[in-house]
Amino acid sequence: MRLMNLFRTSSLALLLITAASAATAASARPAAIVEERTRNVLTQLVEQREAFSADRGKLEQFVETELNALFDREYSARLVLGRHSRGADPAKVSAFADALVKSLLKKYGAALLEADPTIEIRVNGESELRGGQIVRVGSEVHRRGGAPVKIDYLFRPVGDNWLVFDVIVEGVSYVQTFRTQFDERLRRQNLDQVIEGLNRGEIDVEG
């Protein structure tokens, strides 16, 4: 996967921002979180590229641990499931969220190793939506010889923290992309079957 294609994929944009050090202050505003984490993660991936290349399990464990610190995976999963989440057992929604993340890591994890710290991430500020219940952070990825890639992050407050629940790359939403994919499948299969299919690697996720 070419380097700029990495940033054109909403799943990888999500993995990149959440794979950085969890040292960002809990009180930091979303724009500051995006700026610090994207810069830190590119550096960390390059510094540990050899170790991660030798042990993909180590890379996946590293990313998944940090996902738990910044990604509101269950809320995002409910948005992905849409109407199929209504009345669903919370434990099954959680299992779906975990299965989807693991599937994305298996498919796209290696692409993270192509990250180049010379890429410039420009944060263009943040805007409040729904009376401050959601904050959208605009950013652009720049590199020499390539057109900038626009990436927006949607955050919501959870306790004392700001958590990401959606990533929009060039107008394409992570949540909407997977909602479309899984809506069709969930018309034919129940949630348990979809979770099992993800865990077995029988469902090819694209996004």
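The structure this text deals with has already been given above.
Since this is a predicted model, take the numbers as computed values, not measurements.

**Q** Can you break down the overall build of the chain residue by residue, with the values?
**A** Across its full length, the chain carries nine helices and five strands. Along the chain direction, N to C, the helices and strands of the chain fall in the order α-α-α-α-α-α-α-β-β-β-β-β-α-α. Relative to its full complement of 207 residues, the chain shows a buried share of 48%. For the chain, the share of sequence-separated contacts (at least 6 apart) that also reach a separation of at least 24 residues comes to 60%. With an accessible surface of roughly 10,000 Å², the chain has 44% of that area assigned to carbon and sulfur atoms.

**Q** Hey, could you go over the packing of aromatic side chains for me, with residue numbers and the actual values?
**A** Within the structure shown, the criterion is met by five aromatic pairs. Relative to Y174, the ring of F71 lies with its centre 6.1 Å away and its plane at 85 degrees, an arrangement referred to as edge-to-face. Residue F71 is located in the loop between α5 (56-70) and α6 (73-81), and its partner Y174 is located in helix α8 (residues 174-186); the two are separated by 103 residues in the primary sequence. The same class applies to F71 and to Y174, which are both buried. An aromatic cluster of at least three residues, connected via ring pairs, comprises F71, F96, Y174, F178 and F182. The lysine or arginine in question, R156, covers the ring of Y75, its NZ or CZ lying 3.8 Å from the ring centre.

**Q** Describe the nonpolar core, naming the residues involved and giving the relevant values.
**A** One finds F96, L100, F178, F182 and L198 to be the most contacted residues of the largest nonpolar core, which totals 35 residues. For this core, the secondary-structure elements that each account for two or more residues are α3 (30-47), α5, α6, α7 (90-108), α8 and α9 (191-200). Per-element accounting of this core gives the leading share, nine residues, to α7. Aside from chain neighbours lying at most four places away, what touches F182 is V80, F96, L100, V194, L198, I203 and V205. Counting residues in hydrophobic clusters, the runner-up holds 17 residues, among them L70, V149, F155 and V169.

**Q** Lay out the sheet that holds strand β4 (residues 161-169) in plain terms, naming residues and giving numbers.
**A** Read from one edge to the other, the open sheet built from five strands follows the order β1-β2-β3-β4-β5, with strand pairing classed as antiparallel. Both outer strands of the open sheet, β1 (120-129) and β5 (172-173), are each paired with one neighbouring strand and no more. Inspection of the sheet shows strand β3 (residues 146-158) paired to β4 by eight bridges, in the antiparallel sense. Bridge pairing links F155 to V164 in β4.

**Q** How would you summarise the packing of α7 against α8 if you had to cite specific residues and measurements?
**A** Put simply, α7 and α8 touch, their axes get as near as 14 Å, and they point 105 degrees apart. Here α7 lies roughly perpendicular to α8, going by the angle between them. Contacts from F96, L100 and L104 of α7 reach α8 at Y174, F178 and F182. Considering only residue class, the contact of α7 with α8 consists of six nonpolar, no polar and no charged.

**Q** Pulling in residues and values, what's your account of unusual backbone geometry?
**A** Phi at R130 takes a positive value of approximately 50 degrees, unusual for a residue other than glycine. Tracing the chain through its elements places R130 in the loop between β1 and β2 (134-143). Overall, the relative accessible area of 62% leaves R130 in the exposed class. The phi dihedral of E170 falls on the positive side, at around 50 degrees, and the residue is not glycine. Residue placement: E170 occurs in the loop between β4 and β5.

**Q** Which residues make up the pattern of salt bridges, and what values go with them?
**A** Enumeration according to the criterion identifies 13 salt bridges in this entry. With a shortest N-O distance of 3.4 Å, E60 and R56 are connected by a salt bridge. Pair noted here: E60 and R56 are both in helix α5, with a separation of four residues, about one helical turn. Classification of E60 by relative accessible area gives buried; the value is 18%. When its relative accessible area of 31% is taken as the criterion, R56 is described as partly exposed. Of the charged contacts, one joins R136 and D152 as a salt bridge, the two residues approaching to 2.9 Å between their closest N and O atoms. Of the two residues, R136 is situated in strand β2 and D152 in strand β3; the sequence distance between them amounts to 16 residues. A residue is classified by how much of its surface remains accessible, and R136, at 29% relative accessible area, is partly exposed.

Calculation criteria
- Residues numbered from 1 in each chain as written.
- Predicted model: local features only at pLDDT ≥ 70, side-chain atom pairs only at ≥ 80, totals over all residues.
- Heavy atoms only, no water.
- Helix = DSSP H or I, 4+ residues; strand = E, 2+ residues; numbered from the N terminus.
- Buried < 20%, exposed > 50% of the residue type's maximum accessible area, 1.4 Å probe, protein only.
- Contact = heavy atoms within 4.5 Å.
- Areas by Shrake-Rupley, 256 points an atom, 1.4 Å probe, with all protein chains shown as cover.
- Phe/Tyr/Trp six-rings, centres within 6.5 Å; stacked < 30°, edge-to-face > 60°.
- Lys NZ or Arg CZ within 6 Å of the ring centre and 35° of its normal.
- Core = buried A, V, L, I, M, F, W, Y, C linked by side-chain atoms within 4.5 Å.
- Pairing = 2+ DSSP bridges.
- Axes fitted to C-alpha atoms, helices over the stretch in contact; angles between N-to-C directions.
- Parallel < 35°, antiparallel > 145°, perpendicular 65-115°, else oblique.
- Nonpolar A, V, L, I, M, F, W, Y, C, P; charged D, E, K, R; others polar.
- Salt bridge = Lys/Arg side-chain N within 4 Å of Asp/Glu carboxyl O.

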